[in-house]
Amino acid sequence: MESVQELLAEAGDIPFENCTLAKALADRMRSNREELTHRWLGRISARVTLDPNRIFPTDALLDHVPLLIMGIADYIENPGRIILSEVPVVAKAMELGELRFSQGFDEYEVLKEYEIFGGILFSFLSRVVDDIEEPCSRGELLACAHRLFLAVALIQQATLTHYLSLVKERLNEREQRLRGFNRALSHEMGNLIGTIAGAAEILELGAVSPEQHRIMTSMIVRNSANMKMTLTNLVELSRVDENARQSRHIALPNAAAEVARQLRESARAHGVEIRLADDLPAIDVSAAAFELCLSNLLANAIKYSDPSKDKRWVEVRAHVSAPDDAARAETVVEVHDNGIGVPEAKRANLFDRFFRAHEESNGAIAGTGLGLSIVRETITSLGGTAWADFREDGTSFFFTMPNRRAEDTAEFATATG
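For clarity, every value in this text was computed on a predicted model and none was experimentally measured. (Residues numbered from 1 in each chain as written. Predicted model: local features only at pLDDT ≥ 70, side-chain atom pairs only at ≥ 80, totals over all residues. Heavy atoms only, no water.)

Some details on the confidence of the model for the protein chain
Logical step 1: Predicted confidence across the protein chain gives a mean pLDDT of 76, with 71% of residues reaching 70 or more.
Logical step 2: Mean pLDDT per element in the protein chain: helix α14 (residues 406-416) is the minimum at 45, and strand β2 (residues 272-276) is the maximum at 94.
Logical step 3: For the stretch residues 11-15, pLDDT sits under 50, and the model shows eight contacts to residues farther than four places along the chain or on other chains.
Logical step 4: Ignoring residues within four places in sequence, the model shows residues 240-246, a span with pLDDT below 50, making 13 contacts including any to other chains. (pLDDT = per-residue confidence, 0-100. Helix = DSSP H or I, 4+ residues; strand = E, 2+ residues; numbered from the N terminus. Contact = heavy atoms within 4.5 Å.)

This is the structure:
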């Protein structure tokens, strides 16, 4: 793509003085700006399969398209008014770039959007030019077309430049987070391997008491399980983006009991009691998704238990929500603990990938910052939600799983009859 300076230099080579056709074309464009806006909106909507209300989700954003058209018309009429010096026009073009970035458009789609925009404007001018009774040379007609092309290109460049700056910021942020994650993962896996190796070497010496033998064996089993969970999280994280959640179903109480069994040794080592509510609903849930989410939440509660408290616990509760306005019922799962909590300043980023709320204050706690992001992304892929609630008596993490099966809904109706 040519630079702004190159485009403006080329424009300066084209003679353009006192052209009445340019003013007439600009006036036609101004008076038809609403029609041209809706034509652009329709073309984009059809191309990206996006609801028109999402293409320009606010009136302010929709209103800026006529402003862009007015800026182009002004430039056709008076090339001395350089578009990039018109602050409102540039600001709206940059705002469009930020919107498309937030909507996940790629660079090609942004460029294609302006290709469509330019095509609509060229088509409009070619359609109306024959009805304009103004004397004009062929050179002046081509100059009008060139200025239209240049105006669209300059606005496109303002949009794309801002869009790419946001992309660069995101890539830099992800790179920093990935480096932090690699350090955390290397540190955690190194600690686990070191503990297992140390315990194994002691056992190999043979001169240990039965109690020491039991302790060393427990350390090997527990740290091996932690390594397995870390690797499982990495595998599951790669699958979340593929939105693949095909798995067998299992009764929720059974799935919760299985997760509690898997984490029993870790909980015992931290002095944490895992409590399963007696009234867990007897409905089927996706085994893979439910166990993955619950194991991450329970593991976090165990890991961040409060050593200053004599009684440390984490409780699993669940209930089925009542359908509202014909909406499907959903299962709400809560994991409540009396651990060290989450600093208020860190709560907004709690579910981000690689984010660790206590990394600065308690670096001794092993972790990669993946657990909560896996919970949210897994649940989102199923059509549910995940969030946290912070109370005086501890922290609660929630996730919901839609009840898609007919027998689940029927069971809920019978239970609440």
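Comments concerning the packing of aromatic side chains
Logical step 1: Using the criterion set out here, one finds four aromatic pairs in the structure.
Logical step 2: Taking the centre distance of 6.2 Å and the plane angle of 70° together, the rings of Tyr-114 and Phe-117 count as edge-to-face. Note that Tyr-114 and Phe-117 are positioned in helix α7 (residues 107-128) at a spacing of three residues, about one turn of the helix.
Logical step 3: Since its relative accessible area comes to 2%, Tyr-114 is described here as buried.
Logical step 4: Exposure remark for Phe-117: the relative accessible area of 1% places this residue in the buried category.
Logical step 5: Here Phe-290 and Phe-399 contribute two aromatic rings whose centre-to-centre distance is 6.0 Å and whose plane-to-plane angle is 65°, an arrangement assigned as edge-to-face. A residue pair is termed long-range when its members are at least 10 positions apart, and Phe-290 in helix α12 (residues 287-303) and Phe-399 in strand β7 (residues 394-402) qualify at 109 residues.
Logical step 6: On the basis of relative accessibility, which here comes to 0%, the residue Phe-290 falls in the buried class. (Phe/Tyr/Trp six-rings, centres within 6.5 Å; stacked < 30°, edge-to-face > 60°. Buried < 20%, exposed > 50% of the residue type's maximum accessible area, 1.4 Å probe, protein only.)

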